[in-house]
Amino acid sequence: MPVAALPAESPFDRRCYPDGLVLRTWTAADGWPHRAYRWAAAGPPRGSLLFQTGRADFIEKYLEACDHWHRGGWDVEGFDWRGQGGSRGGAPSAAPPPDDRLSFDPLIDDLTAFVADWRVRTPGPHVIVAHSMGAHVALRACAERGLAPDALVLVAPMLALNTRRLPMWLARLAIAGAVRGGRGPREAWRDDVDDPARQFRLTASRERYEDSQWWKQAVPGLGVGAPSWNWLAAAMVGARRIARRGAVETVRTPVLLLEAGLDELVAGRAIEHVARRLPDAELVRLPDARHEILREADAQRLAGLAAIDSFLARKAPLR
């Protein structure tokens, strides 16, 4: 699919809550409080867009992307996943705790319940844009729970982990062995936020990377640490469910998949394979983009936004 002309961007203060954005609490069926937000369109809405972040993310990291859609006329909403950002629960700790998760199923439950309410109270078309782990959850919610937005955008989706030179089967065995050996809740690696290599695994934009660290200082409790071995095991289980024959072939929603060519965190081959299996899918590969496409340096970020705009104009037109 060709990438459309780059959209014009207005100056945006990435370290400030924009006027009109409202934070609130949404409570899941089991009582877990989630920090949610809504940014209503200034005039008659173009439609309703739900944006969901990736692992260890929080609302503030993506205010700039939400501003782009808001200026395009969308009502924009979303929430922090349970266990991270403003949905961690409990008092902020001195050091970010490991990102420990036994399964992504509770996240699928949360998204399904939130969308059921969102669709009733907001105008269509209804579209979901989700990044990385959030894209994993969104796709599985469509495949396993019958979630059916008018359009779905998966940005650098975590459909399988990037194990680099390690074969997937061997990575799976190593992770399972660590869990069996009692290391499940422990961090699988040290996460040094000051390491330049960490930044370049995510984005070429030093400024946007520093924005996320600034928000963690400004709003204590937003950050979580590196993934635990349990988290990696859950990701492996989820990837196998997605890879299972027939798992995604029933998803009739139009889907756009954005693949980052320099992604070191998720497997590009898995994205391409799922794109071929989905009944109504388009794949855009950004060869020079890193994992956080929507927080990349402008050339890559704007190309990703342009691809999303073009897709939604065609697949989720104003009713």
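Residues numbered from 1 in each chain as written. Predicted model: local features only at pLDDT ≥ 70, side-chain atom pairs only at ≥ 80, totals over all residues. Heavy atoms only, no water.

Undergrad: Looking at this structure, how should I read unusual backbone geometry?
TA: Glycine aside, the phi torsion of most residues is negative, and most peptide linkages are trans. Between G124 and P125 the backbone carries a cis peptide bond, its omega angle lying at -5°. With respect to the helices and strands, the residue P125 is situated in the loop between helix 2 (105–121) and strand 5 (126–131). Positioned with a positive phi, S132 is a non-glycine residue whose angle comes to about 55°. By the secondary structure assignment, S132 is in the loop between strand 5 and helix 3 (133–145). Residue S132 is classed as buried on the basis of its relative accessible area of 8%. Here the phi dihedral of A156 falls at roughly 45°; this positive angle occurs in a residue that is not glycine. In this structure, A156 sits in the loop between strand 6 (151–155) and helix 4 (168–183). (Helix = DSSP H or I, 4+ residues; strand = E, 2+ residues; numbered from the N terminus. Buried < 20%, exposed > 50% of the residue type's maximum accessible area, 1.4 Å probe, protein only.)

Undergrad: Even after reading the chapter, I still don't get a nonpolar patch on the surface, so can you show me in this structure?
TA: A surface patch of nonpolar side chains, about 390 Å² in accessible area, is lined by L166, W169, L170 and L173. Secondary-structure assignment places L166 in the loop between strand 6 and helix 4. Since its relative accessible area comes to 37%, L166 is described here as partly exposed. (Patch = residues over 30% accessible without salt bridge, like charges linked within 9 Å, V, L, I, M, F, W, Y side chains within 5 Å. Areas by Shrake-Rupley, 256 points an atom, 1.4 Å probe, with all protein chains shown as cover. Salt bridge = Lys/Arg side-chain N within 4 Å of Asp/Glu carboxyl O.)

Undergrad: Looking at this structure, I do not really get the sheet that holds strand 8 (residues 281–286). What am I missing?
TA: For sheets, the rule is that strands pair by backbone hydrogen bonds, running either parallel or antiparallel. If you trace the 8 strands from one edge of the open sheet to the other, you get 1-2-4-3-5-6-7-8, paired in mixed fashion. Only two strands of the sheet have a single partner each, and these edge strands are strand 1 (21–27) and strand 8. Looking at each pair of strands side by side, their axes are set apart by 20° on average, direction ignored. Judged from the 4 bridges that link them, strand 2 (residues 33–39) and strand 4 (residues 74–79) form a sheet pairing that is antiparallel. For A36, the partnering residue across the bridge sits in strand 4 and is F79. On top of the sheet, helix 8 (residues 268–277) reaches strand 7 (255–260) and strand 8; it is set at about 160° to strand 7, its chief contact. (Pairing = 2+ DSSP bridges. Axes fitted to C-alpha atoms, helices over the stretch in contact; angles between N-to-C directions. Contact = heavy atoms within 4.5 Å.)

Undergrad: Teacher, can you tell me more about the pairing of strand 7 here?
TA: Most of strand 7 sits out of view: 6 of its 6 residues are buried. Residues V255, L257 and E259 point to one face of strand 7 and L256, L258 and A260 to the other, with burial holding for every one of them. Pairing geometry for strand 6 and strand 7, over 4 bridges, is parallel. Within strand 7, the position partnered with L154 by the bridge is L257. Bridge count for strand 7 against strand 8 is 6 bridges, and the pairing is parallel. Each residue of the ladder has a partner; that of E259, found in strand 8, is R285. This β-α-β element, strand 7 to helix 8 to strand 8, shows right-handed connectivity. (Right-handed = clockwise from strand over helix to strand, strands pointing away.)

Undergrad: How should the side chain of T122 be read in this particular structure?
TA: Structurally, the position occupied by T122 is in the loop between helix 2 and strand 5. At 2.5 Å, the side chain of T122 and the backbone oxygen of W118 are in polar contact. When sequence neighbours within four positions are dropped, the list of residues in contact with T122 reads R38, S48 and E77. (Polar contact = N/O pair within 3.5 Å; in protein donor to acceptor, adjacent residues only side chain to side chain.)

Undergrad: In this structure, what is going on with helix 6 (residues 206–218)? I would like to understand it.
TA: Owing to its 3.6 residues per turn, the α-helix brings residues three or four apart onto one side. The end-to-end C-alpha separation of helix 6 is 18 Å, in line with the 18 Å expected for 13 residues at 1.5 Å each. Within the sequence span of helix 6, burial applies to R208, Y209, D211, S212, Q213 and W215. (Expected span 1.5 Å × (residues − 1).)

Undergrad: How should I be thinking about the environment of Q84 in this particular structure?
TA: Here Q84 is to be found in the loop between strand 4 and helix 2. Placed 27 residues apart in sequence, Q84 and D57 show a C-alpha to C-alpha distance of 7.0 Å. Residues in contact with Q84, not counting those within four places in the same chain, are T53, G54, R55, A56, D57, D99, R101, M133 and V224. Here the side chain of Q84 touches A56 through a polar contact of 3.0 Å, landing on its backbone nitrogen.

Undergrad: It is not clear to me how the layout of surface pockets should be interpreted in this structure. Could you clarify?
TA: Any space left empty among the atoms is revealed by the rolling of a water-sized probe across them. Taken as a whole, the largest pocket spans an internal volume of roughly 900 Å³. Looking at the lining of the largest pocket, the elements that each hand over two or more residues are helix 4, helix 5 (196–202), helix 6 and helix 7 (229–243). Partitioning the lining of the largest pocket into residue classes produces 21 nonpolar, 9 polar and 11 charged. (1 Å grid on protein atoms, 1.4 Å probe; cavity = no way out; pocket = protein on both sides within 12 Å on 5 of 7 lines; lining within 4 Å. Points joined across faces, edges and corners; volume = space filled by probe spheres on them. Nonpolar A, V, L, I, M, F, W, Y, C, P; charged D, E, K, R; others polar.)

Undergrad: Which parts of the structure should I look at to understand the confidence of the model for the chain?
TA: Note that predicted coordinates carrying low pLDDT should not be read in detail. On average, residues of the chain score 95 in pLDDT, and 95% of them reach the 70 mark or higher. Highest mean pLDDT in the chain belongs to strand 6 (99); lowest belongs to helix 5 (92). (pLDDT = per-residue confidence, 0-100.)

Undergrad: Honestly, the packing of aromatic side chains in this entry has me stumped. Any pointers?
TA: The geometry of two aromatic rings is summed up by the distance between their centres and the angle between their planes. This structure, assessed with the given rule, holds 9 aromatic pairs. Aromatic side chains F79 and W81 sit 5.3 Å apart centroid to centroid with 75° between the ring planes, which places their arrangement in the edge-to-face category. Overall, F79 belongs to the buried group, its relative accessible area being 1%. Arranged with centres 5.5 Å apart and planes meeting at 70°, the rings of F104 and W231 form a pair that is edge-to-face. Taken together, the positions of F104 in the loop between strand 4 and helix 2 and W231 in helix 7 put the pair 127 residues apart, joining distant regions of the chain. (Phe/Tyr/Trp six-rings, centres within 6.5 Å; stacked < 30°, edge-to-face > 60°.)

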